[in-house]
Amino acid sequence: MEVKMELHKTLEELRRNFKSGTTRNASWRKAQLSALLHLLRHCEEKIFAALNEDLGKDPVESYRDEIGVVEKSTKHSLSHIDQWMAPKKCRLPLVMFPTTGEVLPEPLGLVLVFSCWNFPISLALDPLVGAISAGNAVVIKPSELAPACATLLANLIPVYLDGSFIKVIVGGADVSATLLQHKWDKIFFTGSPRVGRIVMSAAAKHLTPVTLELGGKCPAIMDSLSSPSDLRVAVKRVVGGKWGPCSGQACLGIDYMLVEGKFASTLIELLKKEIVKCFGNDTRDLKNMSRIVNKHHFRRLSNLLEDPSVFSSIVHGGSLNEEKMLIEPTILLDPPLDAEIMTEEIFGPLLPIITLNDIQETIEFINSRPKPLAIYAFTKDDNFKRRILSETSSGSVTFNDVMIQFVCDQLPFGGVGESGFGRYHGSYSFDTFSHEKGVMHRRFIFEVESRYPPWNNLKLRFLRMAYNFDYLGLLLYILGLKG
Amino acid sequence: MAEKLKGTFDVHKAASLMNELRSSFNTGRTRSYEWRVAQLQSIAKLVDEREKEILHALYTDLSKPECEAFVSEISMTKASCKLALKELKRWMKPEKAKTSMATFPSSAEIVSEPFGVVLIISTWNYPLLLSLDPVIGAIAAGNVVVLKPSEISPATSSLLAKLLEEYVDNSAIRVVEGAVAETSALLEQKWDKIFYIGSTRVGRIVMAAAAKQLTPVILELGGKCPAVVDPNVNLQVAARRIIAGKWACNNGQACIAPDYVITTKAFAQKLIDAMKNELEVFFGNDPMESKDLSRIVNSNHFARLKKMLDEEEVSSKIVHGGQWDEKRLKIAPTILLDVPEETILMKEEIFGPLLPIHTVDKLKESFDVIKSKSKPLAAYLFTNRKEVKKAFVENISAGGILINDTVLHLTVPTLPFGGVGDSGMGSYHGKFSFDAFSHKKAVLYRSFAGDATARYPPYTPKKLRLLKALINGGIFGIILALLGRTKN
């Protein structure tokens, strides 16, 4: 109860502070963004340590997927914020002269960011960059499943950023539930569809707009590539993209692969070689792999392999090290399509490969399943690329690589259907935390009698011409030459 | 076909309609430019050819004067169609996106694709425009559509059902008529997008239903739109524009009609006198007999408005009008002065022909009055002073702002039309409609060349340096990193 009262007081204070107007100033926003850059640079080692503690991430992985991402976003925002904040002039029809119109972005107010445990730094701070750029007051609720990172954020943010407007609130599901009872001006959620529903239902009570960055089963299509060097690169990218980021515990990572039957064994051999190169072949001491986040997820993943028909489809890996919370990069060939491994998002280092007779069948395969956050396709066939684009639907599509669209500031990042809605990154982050207010300026001169009652046929005729932009007719009418 | 079986359109029927429409969408037919153009042309034709029937239905439902109906419903719908037809090719084109060093070499674009099967729940006060305008946007974006018109405007609802069946592709565009039961049945289905226009209360219900299915929503709701009048403006013009926005807009039953006016104590009487004059010019000296005023839509809303007037402390504040006729569902244009804030009239959206004027000592106090209420769909200001305009635009949060006029910003397709806070989320009109009903899919094309090995395991300190340079250092940083040095 006391915790709830404290929380209530904190949020009231944040709202009061927001009303003071400080966050609207470009200088405040830039100062916060610069301070965030300092935080990332000064505290890099601490962040590496926390990520290692929570998830066993190597510094390279931590920099690539977390610190680097936020640094890049922050710098991008700093160099574009003036442009984003400026009103955008709008063209108006001539008939409205001398009226002017513009769209003016304004902050939504007090926003709540729920981050997720798999990228606990970037999924908290990247949305924060957007929220600050747009001039909001922000509460971050980091995931309790990555406690070292949550604590680190709670300790560092007040030191570097303006605590009157930006707060970190740590805790478990009960704290999240309490936060959701309050009225927010925006909620930004990254996580599972199940919790996404809970968040949106809570938001509905207050008519709070939400952005939901959810997950799904992201497929990777591997077409036959005639060039051996292309194939090598493709395999490297698949291995790097599947097992590199957080051991496959990534919403954007490859969930399963689709390949033509005749190509499967070649692909599997190449994947095996690359896996050994990246992670070593000592299953008791796998290198460069993050840990599975906790026992619950470890068991969930090992349960996926328990089904005998799934287990028998393993062609590489499969060993589980519960002590070190590591699961070997595992490849399965054609597990049953109705097994849980093929119906639920895997979110782990297991890679089912599904074979089809013809690569074109992959489109129907993907379409018969919920829309994923991303579709990956390795192919040089332009027609096939076109078909994928026009016949499937996903948050994004990347050709010939994996996950890298995440670092592209000019591309909106978000889902569709079960994988979520709303988007961010670059200017889309700014937009997602802004209200775009339409503003029209009229003058007192040039009064148009025909706008007003009492109505008559003359006025109706005038209005018909005005609405048809029949400028000549209007001119004649005004000159008295057309009745 | 129109699902006209009122009361028997239940969850099963809704589910089977959904299945049918989903199959229709999956054929891919609605994605083609030709299909979209054909539907838009049909709608333009519908509005053109059947204008008389439409005006008649609007008159039946709302006693809407022909001129008003023409301008606010027919013309706006036609203009929306025309704009979509003119711009559709451009809107449908993928948008190129720049790429940076981090993904070099690559090219990127953003492709607009339809969401799929969308539900549009329309409302009764502009029953033609507020049904067809969103439908136009949904079709332009290539979706399959179900329209649920409001049962409170039954003549227009059944006319829409009949005309859409005649003019457009029934395998992809359907009308479901009915009330709460039918709407609930529809809301239990899994839509790819829901567009709702109506009250804040029902907006919550729609969003809660959408939450179960993770369906994105656009909510065009209402609120109390304030009109602030600075002394020393052109009184006649300001008065006329307020009257036009209030009473010539469905007799105040419009989400963007000025709900209440704020002005200084010193100026209030001048404003009231000017408005009284202009009201007489517009509607004659017996407005209850004027043909240029819509009626109150039905007895429920009449009772709601009457209750506002009958509340203690309200009736004594009437300075003009106040006449009512329950049988004919008429309430005269009524102006009130300084009604207490705790009354229903001052707390809830009026949506009727009652205009309270709230006076303040200094004009800047009007900002606090507005901010004490929830964010409105529109906020209006009449002033000649630059600094007042600037302060208003920068400090008042509303869906949209219009200086020195009312309502007109709705007609401009280059301005996004939508609310904020309790007045709604999302926006539409013009290209914003196309965007509202499109999923913007990010597409990245990578080459097999130029692979940055620094990304992949096995990880080494050198890779860390290279990555830092690649993501943040630019060309110079990359060279340094390759040379084995870091840039500090």
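Residues numbered from 1 in each chain as written. Chains lettered and ligands numbered in written order. Predicted model: local features only at pLDDT ≥ 70, side-chain atom pairs only at ≥ 80, totals over all residues. Heavy atoms only, no water.

Broken down by element type, chain A carries 18 helices and 18 strands. Its C-alpha atoms give chain A principal-axis dimensions of roughly 90 × 60 × 35 Å. Counting only residues that meet the buried cut, chain A has 62% of its 483 residues in that class. Summing over all exposed atoms, chain A offers an accessible surface of approximately 18100 Å²; the carbon and sulfur share of this is 55%. Between the mean site of the 55 positive side-chain charges and the mean site of the 54 negative ones, chain A shows a separation of 8 Å. (Helix = DSSP H or I, 4+ residues; strand = E, 2+ residues; numbered from the N terminus. Buried < 20%, exposed > 50% of the residue type's maximum accessible area, 1.4 Å probe, protein only. Areas by Shrake-Rupley, 256 points an atom, 1.4 Å probe, with all protein chains shown as cover. Lys, Arg positive; Asp, Glu negative; His and termini not counted. Charge placed at Lys NZ, Arg CZ, Asp CG, Glu CD.)

Moving on: the overall build of chain B. Each helix and strand counted, chain B has 16 helices and 18 strands in total. Dimensions of chain B, computed from C-alpha atoms along their principal axes, come out at roughly 85 × 55 × 40 Å. Within chain B, buried positions represent 63% of all 488 residues. Intrachain contacts of chain B at a sequence separation of at least 6 include 71% that bridge at least 24 residues. (Contact = heavy atoms within 4.5 Å.)

Reading across the sheet, the ten strands line up as β10(A)-β13(A)-β14(A)-β9(A)-β8(A)-β15(A)-β16(A)-β18(B)-β2(B)-β1(B) and stay open at both edges, with mixed pairing between neighbours. Strands with a single pairing partner mark the edges of an open sheet, and in this sheet they are β10 (314–316) of chain A together with β1 (95–97) of chain B. Across the sheet, the mean angle separating the axes of adjacent strands is 25 degrees when strand polarity is ignored. In this structure, β1 of chain B lies alongside strand β2 (residues 106–114) of chain B, joined through three bridges in antiparallel fashion. (Pairing = 2+ DSSP bridges. Axes fitted to C-alpha atoms, helices over the stretch in contact; angles between N-to-C directions.)

In this section: the interface of chain A and chain B. Contacts between the two partners involve 107 residues from chain A and, on the opposite side, 108 residues from chain B. Sorting the residues of chain A by area buried against chain B places Leu-207, Phe-444 and Tyr-467 of chain A first, and these three jointly supply 10% of that buried surface. Viewed at the interface, chain B and chain A are joined by seven salt bridges. The residue Lys-183 of chain A makes a salt bridge to Asp-422 of chain B at a minimum N-O spacing of 3.5 Å. At the boundary of chain A with chain B, the tally comes to 43 residue pairs in polar contact (both at pLDDT 80 or more). Looking at the side of chain A that touches chain B residue by residue, the class counts come to 49 nonpolar, 26 polar and 32 charged. By the bridge criterion, four bridges tie strand β18 (residues 434–441) of chain A to strand β16 (residues 400–403) of chain B in an arrangement that is parallel. Bridging from a neighbouring strand, Gly-438 of chain A pairs with Gly-400 of chain B of β16 of chain B. (Buried area = accessible area lost by both parts, 1.4 Å probe. Salt bridge = Lys/Arg side-chain N within 4 Å of Asp/Glu carboxyl O. Polar contact = N/O pair within 3.5 Å; in protein donor to acceptor, adjacent residues only side chain to side chain. Nonpolar A, V, L, I, M, F, W, Y, C, P; charged D, E, K, R; others polar.)

Turning our attention to the nonpolar core. Grouped together as the largest cluster of nonpolar side chains are 275 residues, with contacts concentrated most on Leu-125, Ile-157 and Met-222 of chain A. With ten residues, the top contributor of residues to this core is helix α4 (residues 66–92) of chain B. Excluding anything up to four places from it in sequence, Leu-125 of chain A contacts Leu-36, Leu-40, Val-70, Ile-140, Leu-153 and Ile-157 of chain A. Counting 33 residues, the second largest nonpolar core, distinct from the first, contains Ile-341, Ile-388 and Phe-399 of chain A together with Val-443 of chain B. (Core = buried A, V, L, I, M, F, W, Y, C linked by side-chain atoms within 4.5 Å.)

This paragraph deals with a nonpolar patch on the surface. Together, Leu-94, Val-95, Phe-97, Ile-445, Phe-446 and Tyr-471 of chain A make up a nonpolar patch on the protein surface, roughly 610 Å² of accessible area in all. Take Phe-97 of chain A: it is sitting in the loop between β1 (88–90) and β2 (100–107). (Patch = residues over 30% accessible without salt bridge, like charges linked within 9 Å, V, L, I, M, F, W, Y side chains within 5 Å.)

All names here are of chain A. The terminal C-alpha atoms of helix α10 (residues 264–279) lie 22 Å apart, and with 16 residues this matches the ideal 22 Å at 1.5 Å per residue to within 8%. The set of residues buried in α10 consists of Ala-264, Leu-267, Ile-268, Leu-271, Glu-274, Ile-275, Cys-278 and Phe-279. End-on view of α10: buried residues confined to an arc of 135 degrees, all on one side of the axis. Exposed and oriented more than 90 degrees from the buried face of α10 are Lys-273 and Lys-277. Contacts made by the buried residues of α10 are with β8 (219–222), α9 (228–243), β9 (256–260), β10, β13 (330–333) and β14 (350–356). Directly after α10, the chain includes Gly-280, whose backbone phi takes a positive value near 80 degrees. (Expected span 1.5 Å × (residues − 1). Arc of directions from axis to C-beta.)

A word on empty space enclosed by the protein. A complete count under the given rule lists eight cavities of 30 Å³ or more for this structure. Taken as a whole, the largest cavity spans an internal volume of roughly 60 Å³. In this structure, the largest cavity is lined by Leu-108, Lys-183, Trp-184, Asp-185, His-206, Leu-207, Thr-208 and Pro-209 of chain A together with Lys-375, Val-420 and Gly-421 of chain B. (1 Å grid on protein atoms, 1.4 Å probe; cavity = no way out; pocket = protein on both sides within 12 Å on 5 of 7 lines; lining within 4 Å. Points joined across faces, edges and corners; volume = space filled by probe spheres on them.)

What follows covers the environment of Phe-392 of chain B. Residue and element names in this part refer to chain B. Position of Phe-392 among the secondary structure elements: in helix α14 (residues 386–395). On the basis of relative accessibility, which here comes to 0%, the residue Phe-392 falls in the buried class. Each C-alpha atom, one on Phe-392 and one on Lys-364, is 9.1 Å from the other, the two residues being 28 residues apart in sequence. Beyond its immediate sequence surroundings of up to four residues, Phe-392 is in contact with Val-228, Phe-367, Ile-370, Ala-379, Tyr-380, Leu-381, Ile-401 and Ile-403.

The next point concerns the packing of helix α2 (residues 33–49) of chain B against helix α5 (residues 129–140) of chain B. All names here are of chain B. Running from amino to carboxyl end, α2 crosses α5 at an angle of 160 degrees, the nearest separation of the two axes being 9 Å. The angle between the axes of α2 and α5 places the two elements in the roughly antiparallel class. The crossing of α2 and α5 is left-handed. In this structure, α2 uses Trp-35, Arg-36, Gln-39, Leu-40, Ile-43 and Val-47 to contact α5, whose residues at the interface are Leu-132, Val-135, Ile-136, Ile-139 and Ala-140. Tallied by class, residues from the contact of α2 with α5 come to nine nonpolar, one polar and one charged. (Parallel < 35°, antiparallel > 145°, perpendicular 65-115°, else oblique. Left-handed = near helix turned anticlockwise from the far one by under 90°.)

Below, the discussion takes up the pattern of salt bridges. Inspection of every chain in the model, using the stated rule, returns 56 salt bridges over all chains. The partner of Glu-6 of chain A in a salt bridge is Lys-9 of chain A, with the nearest N and O atoms 3.8 Å apart. Note that Glu-6 of chain A and Lys-9 of chain A are positioned in helix α1 (residues 2–19) at a spacing of three residues, about one turn of the helix. Notably, a salt bridge pairs Arg-90 of chain B with Glu-87 of chain B, separated by 2.7 Å at the nearest N-O pair. Highlighted residues: Arg-90 of chain B and Glu-87 of chain B, both in helix α4, separated by three residues, approximately one helical turn. The exposure class assigned to Arg-90 of chain B is exposed, which follows from its relative accessible area of 53%.

Before going further, it helps to examine the pairing of strand β7 (residues 217–220) of chain B. Residues and elements named next belong to chain B. Side-chain alternation along β7 places Val-217 and Leu-219 on one buried face and Ile-218 and Glu-220 on a second face that is also buried. Across four bridges, strand β6 (residues 193–197) lies against β7 in parallel orientation. The residue of β7 that forms the bridge with Tyr-196 is Leu-219. The parallel pair β6 and β7 is bridged by helix α8 (residues 200–213), and the resulting crossover is right-handed. Pairing of β7 with strand β17 (residues 424–425) involves two bridges; the strand directions are antiparallel. Bridged to Leu-219 within β17 is Met-425. (Right-handed = clockwise from strand over helix to strand, strands pointing away.)

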